[in-house]
Amino acid sequence: MVVTVPLNRITLRPGSAIAIADLDWAAFQRIAAELGDDRHTRLTYYQGQLEIVSPLARHERPHRLIGYLVTALLDARNLDWEDFGSTRFERENLAGLEPDTCFYVANADRVRDCQGRVDVDQYPPPDLAIEADVTSKTSLAAYAALGVPEVWIYADGLLKIFVLDAGQYQPRDRGLLFPDLDLPAIVTAQLAKAQAIGSARTIREFRQSLQ
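These numbers come from a predicted model, not from an experiment.

Visitor: Quick question: what am I supposed to make of helix α1 (residues 25–35) here?
Guide: Side chains that are three or four residues apart share a direction in an α-helix, a result of its 3.6 residues per turn. Within the span of α1, buried status applies to W25, A27, F28, Q29, I31 and A32. Buried residues along α1 sit in contact with β1 (17–20), β2 (42–46), β3 (49–53), β5 (89–91) and β6 (95–97). Just downstream of α1, G36 is the residue with a positive phi angle, here 75°.

Okay, structure coming up:
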């Protein structure tokens, strides 16, 4: 027996997820449209599999703090950037996902006019995506399908850097954006500091240290 339930009657508690298999692209688009943009869930679609995740509150703080650190580093180097947050990125019939947060740097000038979701066959993918794996595990395969050059995943108190190489992500000690910096050590130290003295003070002091 097939049971049909409207999406607006399904409530995901924080920390929970729903996986839907054998879903074609058109059905994914309908679901995304019905859910709308004013929501607290994240969508990841790859090769017919859709995951809808409702993040925990403690999922949000790490990637936001890491994002603040990234903008501080970019500003210190006088580099232009665009923060696209959890914008949905898509490659038709293959993949669609919403990062925890993401940044354009090399291609910042090419995406300033983008509104809403981004088709990576028309615009470049973000230069960096950041994920905090508290509620679920990041699908690197979906990111690879979109061609995102660099993905940072923060999980279990550690930052891991993955760089796209010949269509596959490889773990690296140093990333593409900041190859001269030990980002895992910096992020670990600054997030621990934020817990001790607060986020605002931590970011202010970090910016001052870069001057």
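There is more to say after this.
Visitor: Is there a simple way to explain the sheet that holds β6 in this structure?
Guide: The strands that make up a sheet are held in pairs by hydrogen bonds between backbone atoms, and each pair lies either parallel or antiparallel. The six strands lie next to each other as β1-β3-β2-β6-β5-β8, forming an open sheet whose pairing is mixed. Because the sheet does not close on itself, it has two edges, and the strands there are β1 and β8 (118–119). Pairing of β1 with β3, which is carried by four bridges, proceeds in the antiparallel orientation. Residue pairing in the sheet places I18 in a bridge with I52 of β3.

Visitor: Sorry if this is basic, but what is going on with the packing of aromatic side chains here?
Guide: The relative placement of two aromatic rings is captured by the distance of their centres and the angle of their planes. Under the defined criterion, the tally for this structure stands at seven aromatic pairs. A ring pair is formed by W25 and Y45, whose centres lie 5.5 Å apart and whose planes are at 75°; its orientation type is edge-to-face. Residue W25 is located in helix α1, and its partner Y45 is located in strand β2; the two are separated by 20 residues in the primary sequence. Each member of the pair, W25 as well as Y45, is classed as buried.

Visitor: Could you clarify how one ought to interpret the packing of helix α4 (residues 183–197) against helix α5 (residues 199–209) in this entry?
Guide: Helix packing geometry: the angle between the two helix axes and the distance between the axes. Where α4 contacts α5, the two axes come as close as 7 Å, and the packing angle between them is 135°. As summarised for this structure, α4 and α5 are arranged oblique, according to the angle between their axes. Between α4 and α5 lies a crossing whose hand is right-handed. Contacts between α4 and α5 pair I186, Q190, K193, A194 and I197 from the former with S199, R201, T202, E205 and F206 from the latter. Residues belonging to the contact of α4 with α5 are distributed by class as follows: four nonpolar, three polar and three charged.

Visitor: Help me understand the pairing of strand β11 (residues 158–165) in this model?
Guide: Put simply, side chains in a regular strand alternate between the two faces of the sheet. When strand β10 (residues 150–155) meets β11, the two strands line up antiparallel, connected through six bridges. Following the sheet pairing, Y154 is matched in β11 by L159. The turn joining β10 and β11, which pair antiparallel and follow one another in sequence, is formed by two residues; a positive phi near 55° is taken by D156. In terms of strand pairing, β11 meets strand β12 (residues 168–172) through five bridges, oriented antiparallel. Bridging across to β12, L164 finds its partner in Y169. A loop of two residues connects β11 with β12, the two strands running antiparallel in sequence, and A166 in this loop sits at a positive phi of about 55°.

Visitor: What is the right way to look at the nonpolar core in this model?
Guide: One broad rule of soluble globular proteins: the nonpolar side chains tend to lie buried together. One finds I66, V70, W152, F178 and L183 to be the most contacted residues of the largest nonpolar core, which totals 25 residues. Within the residue set of this core, elements represented by two or more residues are α2 (57–76), β9 (128–132), β10, β11, α4 and α5. Counting residues per element, this core draws most heavily on α2, at seven residues. Those residues in contact with V70, other than ones at most four positions away along the chain, are F103, L128, I130, W152 and F178. Core analysis: the next-biggest nonpolar cluster, separate from the first, contains 21 residues, F89, L97, Y143 and Y169 among them.

Visitor: Help me understand the environment of R110 in this model?
Guide: Locating R110 in the fold gives a position in the loop between β7 (101–104) and β8. When its relative accessible area of 48% is taken as the criterion, R110 is described as partly exposed. When the C-alpha atoms of R110 and P124 are compared, they prove to be 8.0 Å apart, with 14 residues separating the residues in sequence.

Quick notes on the rules
Residues numbered from 1 in each chain as written. Predicted model: local features only at pLDDT ≥ 70, side-chain atom pairs only at ≥ 80, totals over all residues. Heavy atoms only, no water. Buried < 20%, exposed > 50% of the residue type's maximum accessible area, 1.4 Å probe, protein only. Helix = DSSP H or I, 4+ residues; strand = E, 2+ residues; numbered from the N terminus. Contact = heavy atoms within 4.5 Å. Pairing = 2+ DSSP bridges. Phe/Tyr/Trp six-rings, centres within 6.5 Å; stacked < 30°, edge-to-face > 60°. Axes fitted to C-alpha atoms, helices over the stretch in contact; angles between N-to-C directions. Parallel < 35°, antiparallel > 145°, perpendicular 65-115°, else oblique. Left-handed = near helix turned anticlockwise from the far one by under 90°. Nonpolar A, V, L, I, M, F, W, Y, C, P; charged D, E, K, R; others polar. Core = buried A, V, L, I, M, F, W, Y, C linked by side-chain atoms within 4.5 Å.

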